[in-house]
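# Architecture at a glance
Residues per chain, in single letters:
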Number of protein chains: 2
Amino acid sequence: MLKTYKNGKDLRDACRRQEHTGPTPGLATGYIQANLAVLPADWAYDFLLFAQRNPKPCPVLEVGEKGSPFTAVLADRADIRTDIPRYRIYEDGQLQDELTDISDLWRDDVVWFLLGCSFTFEQALLSASLDVRHITEGVNVPMYKTNIMCQSAGRFQNVPMVVSMRPFGPEDAIRAVELTRDYPAVHGSPVHLGDPGAIGINDISRPDWGDSVTIREGELPVFWGCGVTPQMAALVAKPPLMITHAPGHMFVGDKKDYDYKI
Amino acid sequence: MLKTYKNGKDLRDACRRQEHTGPTPGLATGYIQANLAVLPADWAYDFLLFAQRNPKPCPVLEVGEKGSPFTAVLADRADIRTDIPRYRIYEDGQLQDELTDISDLWRDDVVWFLLGCSFTFEQALLSASLDVRHITEGVNVPMYKTNIMCQSAGRFQNVPMVVSMRPFGPEDAIRAVELTRDYPAVHGSPVHLGDPGAIGINDISRPDWGDSVTIREGELPVFWGCGVTPQMAALVAKPPLMITHAPGHMFVGDKKDYDYKI
C-alpha cells in the first residue's frame, strides 16, 4: 500500500531524508506538483524566453536565483538539491546518471526552473467526474512528439511540441476544454483534438513516452501541451549540463492545485 | 474630429510616415494596444524574470530577437523603430528625449518587450455596459504608486507596484472582477478593492499619473496592476538606456483584444 503524506512539506522532508525515492502522483493530494529543469545561468535567458513564447507546453511557475537552491513561491524554502525524490543528469544532451540527491553537483552558476504539470488540471477533471483514462487504467499518461513546432528562442531552435493525450466522448471533451482553460498557468486548454495525423502522430497506440490507453468507439483523443517539451528543448539544444526530475518523480509544493485556477 | 483607422496596420503605417504622432486610444477599435520597453540585451534576463514574477503588472506579450526591430506575434513584421507614434528615451533612469522615430538610436545589442495594456480589458468592461469612469469623463485613467512591493529579480529590486483605478458600485465591481479575470494575459483580475490606505494610497483624489476621476457615494475604488510598473522598475534600476512609448502613444497590433481572452 502506498504511504501518503498530509502535505507537500512532509513529502519533501521524506525525500530529503531519502525515505521516499519513488514517484509522487497521489502521495499528497491537492498539493501542486511541478517539473524541474536546472541549467547553467548563461542558458537561463534563452530558456525563459522559450517558455514565454510557448506557454502551453512550458508554463513557468517559479525561477530560482542564480546559485540558490531554495524556493520561495511554490514552497517555503524547499531545497531543490534534496527535496525531489529522483533526478536525471544530462550532459551535452545525453543522459548520464540518475540520482536521489544532487548536492554534490550543485554549482554557483546554475538556475532552476519549476514548470507546471498536468497533474494539476487532472485533479479538476476528476473532480468533475470525468473518466481520465490513464488514471482509470492505472498507467502513465501517453505522450507524443508532434509536428507542431515550438516558437524558437535563442539556442532553442526547431523544437517539436510534446503533447499528452486523454480520450473523451464529445460531451466530456467539451467539458475538458472548459475545465482546463481555467488553468492557463498549467498548460491551459488543449492544443488539438480529433485526428492524430493532423499533428504528425501516425500511430496513436504507440506513444513516444508513457503508456498506451484504450480509446473507445466514438471517443476523440484530446491533446494538451506537455511538460516534457522543455526537456525536449534542452536536449535538442544540448546544454553542457541539465538536471531534471526523473519522470513521475516531481517536485511537490506547499501551494494547492486550486491556487492555479484563475 | 479624431481620424480613425480600419485596423492596426493602417495606424502603424501612418505612424511610420509620421502622419500620426498623437495618442492611440480609440483610433483602431478592437485591435490590441501594448506598452513598449527597449533595453540593452544584458538587462533582458533580469527584465523577463521580473515580468515572470510579477505577471499582473507586467504581462509580457512578445519579446524581440536581440538587435531585430521586427515583430512576429502581435503584428506581422511591424517595425518597433518607426511604428509607434511617440517614444521616450531614458538614460541611467533619467528622461532625456521624446522622439517620433528611434531609427537613429537603434543598436545591435538591444531587446524590445511589448507588454499588455488595460485598454484591452476596458473594451470588455464597456461591452458589458459598465461605466468606466475615466472614459465617461474623457480623461486619463488615474494611476498610483502603492506600498505593494513587486517580487525582485536581478537588478530590479524594491520596485513598488503601480496600479490603475476604476470606481464601481458593489455589483459592477463584482462584474468587473469576473470580466477581467478572463484576461490573465493583460493584467487579469484586480489586485485590490476598497480602502486605498490599505495599499499605501493616502489621497485617492491625487493620482501619481493620469487624472483624478469622480468616485460616487457607495462606490468602491477597484485597483488593477498597471503597465507603468515595468517602466518604474527600469527607472528604479537605472539601466544605461531604456526606450519606452510615450504615455498613451501605444503600439497597436494586428491581433484583436478578443484574442487575449482565455
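Our structure is the block above this text.
Residues numbered from 1 in each chain as written. Chains lettered and ligands numbered in written order. Predicted model: local features only at pLDDT ≥ 70, side-chain atom pairs only at ≥ 80, totals over all residues. Heavy atoms only, no water.

### So, the interface of chain A and chain B
Facing 20 residues of chain A, the contacting portion of chain B comprises 20 residues. For the pair chain A and chain B, the two sides together bury roughly 1500 Å², of which 52% comes from carbon and sulfur. Linking chain A with chain B are four salt bridges, by the criterion used here. In this structure, the salt-bridge partner of Glu65(A) is Arg53(B), at a minimum N-O distance of 2.7 Å. Across the contact surface, chain A and chain B share eight residue pairs in polar contact (both at pLDDT 80 or more). Of all the elements in the fold, those that place two or more residues in the side of chain A that touches chain B are helix H2 (44–53), strand S2 (60–63) and strand S5 (110–116) of chain A. Top contributing element to the side of chain A that touches chain B by residue count: H2(A), with six residues. (Contact = heavy atoms within 4.5 Å. Buried area = accessible area lost by both parts, 1.4 Å probe. Salt bridge = Lys/Arg side-chain N within 4 Å of Asp/Glu carboxyl O. Polar contact = N/O pair within 3.5 Å; in protein donor to acceptor, adjacent residues only side chain to side chain. Helix = DSSP H or I, 4+ residues; strand = E, 2+ residues; numbered from the N terminus.)

### So, the relation of the copies chain A and chain B
In screw terms, the move from chain A to chain B is a rotation of 180° and a rise of 0.0 Å along the axis, fitting with an RMSD of 0.0 Å. Overall, the copies show the geometry of a two-fold rotation axis. Considering only C-alpha atoms, the part of chain A nearest the rotation axis is Tyr45(A), at 2.6 Å. Of the interface residues in chain A, 100% have counterparts in chain B that sit at the interface too, so the contact is made through matching surfaces. (Least-squares fit on C-alpha atoms with pLDDT ≥ 70 in both.)

### Describing the sheet that holds strand S8 (residues 192–193) of chain A
Remark on secondary structure: sheet strands pair via backbone hydrogen bonds, oriented parallel or antiparallel. Residue and element names in this part refer to chain A. Read from one edge of the open sheet, four strands run S6-S7-S9-S8, paired in antiparallel fashion. Of all strands in the sheet, those bounded by a partner on one side alone are strand S6 (143–149) and S8. Here S6 runs beside strand S7 (residues 160–168); their pairing, made up of four bridges, is antiparallel. Paired with Tyr144 across the two strands is Val163, which belongs to S7. This element, helix H5 (residues 170–180), spans S7, S8 and strand S9 (220–225) of the sheet and lies at about 15° to S9. (Pairing = 2+ DSSP bridges. Axes fitted to C-alpha atoms, helices over the stretch in contact; angles between N-to-C directions.)

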